[in-house]
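# Overview (structure and organization)
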Amino acid sequence: MAVKAAKICVYAWEGIDRKGTKISGELSARNPALIKATLRKQGISPGRIRKKSPSLSALGKRIKARDIALFTRQMATMIKAGVPLLQSFDIIAEGFDNPLMRTLVEELKQDIAAGSSFASALRRKPQHFDELYCNLVDAGEQAGALDTLLERVATYKEKSESLKAKIKKAMTYPLMVVFVAVIVSVILLVKVVPQFESVFRGFGAQLPALTVMVIDLSQFMQAWWWMLFVGGLTAAFGLRHAFRTSRGFRERLDTWLLKLPLVGTLMYKSAVARFARTLSTTFAAGVPLLDALQSVAGATGNIVFKRAVLRVRQDVSAGMQLHFAMRTSGVFPNMAIQMTAIGEESGTLDAMLDKVAGFHEDEVDDLVDNLTSLMEPFIMVVLGVIVGGLVVAMYLPIFQLGSAI
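What you are looking at is a predicted structure, and each value in this text was computed from that prediction instead of being measured. (Residues numbered from 1 in each chain as written. Predicted model: local features only at pLDDT ≥ 70, side-chain atom pairs only at ≥ 80, totals over all residues. Heavy atoms only, no water.)

## Quick word on helix H10 (residues 247-259)
Note the following rule: Each helix corresponds to a stretch of at least 4 residues labelled H or I by DSSP, and each strand to a stretch of at least 2 residues labelled E; elements are numbered beginning at the N terminus. Given a helix with a known number of residues, its expected span is that number minus one, times 1.5 Å. Any pair of residues with heavy atoms lying within 4.5 Å of one another is described as a contacting pair.
With 13 residues, H10 should cover 18 Å at 1.5 Å per step; its first-to-last C-alpha distance of 19 Å lies within 8% of that length. If you follow the buried residues of H10, they end up packed against helix H11 (263-284) and helix H13 (303-317).

What follows is the structure in structure tokens.
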């Protein structure tokens with residue numbers, strides 16, 4: 001029966017160095033005995049050792065993609081500098097503030113110290129290291145060029161995260177403004193409009209149609225706000241569940257997003273950039289084209305492109321050239337197809353794909369800036385229509401009363 005390995009924890013330690021000075025610090029290990037052994041190797045006489053409980057700030061932390069990108073870049077730098085692999089893990093683990101990231105690095109170190117390869121240790125953490133990442137590291141280990149491959153992986157991860165951040169930047173601002181507009185409108189309808197309604201009752205005159213409509217909406221909101229709140233939460237959770245579990249829903253959503261003005265263009269160019277960047281990285285690492293396309297399919301971030309890449313892989317496996325298979329799919333832009341054709345003819349496919357990725361990443365940058373500039377006046381108009389409309393509806397009867405007097 002297999003014995004479950006003890007969980008790696010963070011321990012706070014106190015000790016005395018060779019000069020007799022009291023020192024303290026933190027180390028990650030499976031038990032206090034390993035902490036003591038590590039300290040003695042460093043010439044420190046261990047004293048008190050206690051398990052450190054996670055702070056409130058650390059409880060909310062999780063391992064993010066940018067943490068993995070930073071880990072990859074640091075590993076590439078350490079190995080290129082000639083630092084032994086296990087020692088590199090120790091140095092990198094101490095540099096992370098996130099305790100979960102320190103634990104992950106320590107667990108990787110323990111697996112490698114027990115005889116596993118770097119790629120095998122990574123494959124035991126599929127929630128943090130995808131198949132593409134593991135395949136590239138595996139190729140680097142087998143070719144004896146782990147530092148070079150890690151540099152390529154680090155560059156790939158950094159550019160991928162930068163691309164995602166730009167897309168989020170373009171989407172977050174308008175969504176937040178619309179959200180605030182909705183909250184302000186609800187407050188006006190529930191708290192402010194009823195005050196005006198009580199004043200209008202004393203007028204004894206016919207109210208404008210816009211005012212009547214706003215008062216009716218206010219009464220509905222006061223009576224059924226809880227149902228709207230529950231319905232909104234139910235719809236949000238339902239959409240989230242459908243996105244995670246229904247392939248058909250994700251396909252329809254991704255197809256619809258690509259058809260949207262501006263936003264669809266942004267999603268399209270970012271998907272092309274991810275395709276070119278991932279294929280360039282895997283091909284340059286010596287991964288066979290068919291295997292590379294299999295990994296690329298899952299990295300495009302859009303099911304429409306995933307299906308297209310899988311069709312391209314099927315055509316390439318049947319003997320078709322890559323650029324011709326890309327043209328047949330009907331998804332990729334002409335520039336990407338032409339650059340791929342040049343790369344295939346000249347034997348510089350990875351370099352040409354890298355240029356395609358750089359070109360589309362620059363286009364995404366420009367599009368994000370333009371989208372933000374275009375959204376600002378549009379959002380001001382939306383806010384003016386929603387909030388200004390409510391205010392005008394409330395003051396129309398007062399204006400009419402003043403003109404009648």
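More follows now that the structure is in view.
## Focus on the side chain of Ser 270
Rules: Burial status follows relative accessibility: with a 1.4 Å probe on protein chains alone, a residue under 20% of its type maximum counts as buried, one over 50% as exposed, and anything between as partly exposed.
Among the secondary structure elements, Ser 270 is positioned in helix H11. Given a relative accessible area of 1%, Ser 270 falls into the buried group. Sequence-distant contacts of Ser 270, defined by excluding residues within four places in its chain, comprise Leu 163, Ile 167 and Val 364.

## Some thoughts on the packing of helix H14 (residues 322-329) against helix H15 (residues 334-346)
Rules: Here an angle of 0 to 180 degrees is reported between the N-to-C directions of two axes, which are lines fitted to C-alpha atoms, with helices fitted over the stretch in contact. Roughly parallel covers angles under 35 degrees, roughly antiparallel covers those over 145, roughly perpendicular covers 65 to 115, and oblique covers all other angles. Handedness of a helix crossing follows the sense of rotation of the near helix relative to the far helix, less than a right angle counterclockwise being left-handed and clockwise being right-handed. By the convention adopted, Pro, Cys, Tyr, Trp, Phe, Met, Ile, Leu, Val and Ala count as nonpolar, Lys, Arg, Asp and Glu as charged, and the other residues, Gly among them, as polar.
H15 packs onto H14 with a crossing angle of 165° between their chain directions and a minimal axis gap of 8 Å. Between H14 and H15, the angle is such that the two are roughly antiparallel. Remark: the crossing between H14 and H15 carries left-handed chirality. In this structure, H14 contributes Leu 322, His 323, Met 326 and Arg 327 to the contact, and H15 contributes Asn 334, Ala 336, Ile 337, Gln 338, Thr 340, Ala 341 and Glu 344. Looking at the contact of H14 with H15 residue by residue, the classes come out as five nonpolar, four polar and two charged.

## Comments concerning a positive patch on the surface
To be explicit about the condition: Residues qualify for a patch when their relative accessible area is over 30% and they have no salt bridge, like charges being joined within 9 Å and the nonpolar side chains of Val, Leu, Ile, Met, Phe, Trp and Tyr within 5 Å. Here the accessible surface of atoms and residues is derived via Shrake-Rupley with a 1.4 Å probe, and residues count as covered only by protein chains that are part of the display. By definition here, a salt bridge exists when the distance from a side-chain nitrogen of Lys or Arg to a carboxyl oxygen of Asp or Glu is within 4 Å. The convention is simple: Lys and Arg are positive, Asp and Glu are negative, and His and the chain ends are not counted. By convention, the charge on Lys lies at NZ, on Arg at CZ, on Asp at CG and on Glu at CD.
A cluster of like positive charges, contributed by Arg 62, Lys 64, Arg 66 and Lys 168, occupies part of the molecular surface. Tracing the chain through its elements places Arg 66 in helix H3 (residues 65-80). Residue class for Arg 66 comes out exposed when judged on its relative accessible area of 55%.

## A word on H14
Think of an α-helix as turning once every 3.6 residues; residues three or four places apart then point the same way. How we decide: The directions from the helix axis to the C-beta atoms form the arc being described.
Buried residues of H14: Leu 322, His 323, Ala 325, Met 326 and Ser 329, and no others. Buried residues of H14, seen end-on, are gathered within an arc of 160° and therefore sit on one face of the element. Gly 330 lies just past H14 and shows a positive phi near 75°.

## A few points about the nonpolar core
Cut-off, in case you're wondering: Residues grouped as a nonpolar core are buried Ala, Val, Leu, Ile, Met, Phe, Trp, Tyr and Cys residues, joined through side-chain atoms within 4.5 Å.
Residues Phe 71, Phe 118, Phe 129, Leu 279, Leu 293, Leu 322 and Phe 332 are the most contacted members of the largest nonpolar core, which totals 61 residues. Discounting chain neighbours no more than four positions away, the residues touching Phe 129 are Ile 68, Phe 71, Leu 104, Leu 108, Leu 122 and Cys 134.

## Some points on the packing of H10 against H13
One can describe the packing of H10 onto H13 by two numbers: an axis separation of 8 Å at closest approach and a directional angle of 100°. Viewed along their axes, H10 and H13 adopt a mutual orientation that is roughly perpendicular. Residue-level contacts link Arg 247, Arg 250, Glu 251, Asp 254, Thr 255 and Leu 258 of H10 to Ile 303, Val 304, Phe 305 and Arg 307 of H13. For the contact of H10 with H13, the class distribution of residues is four nonpolar, one polar and five charged.

## Remarks on the confidence of the model for the protein
Just so we agree on the cut-off: Residue-level confidence of the predictor is summarised by pLDDT, bounded by 0 at the bottom and 100 at the top.
Summing up the model confidence of the protein, the mean pLDDT is 80 and the portion of residues at 70 or higher is 92%. By mean pLDDT, the top-scoring element of the protein is H15 (91), and the lowest-scoring one is helix H2 (residues 56-59) (42). Low pLDDT (under 50) marks residues 1-5, which in the prediction has one contact with non-local residues, meaning those over four places away or in another chain. Residue range residues 55-60 is modelled with pLDDT below 50. Its contacts to residues more than four positions away, or to other chains, number two contacts.

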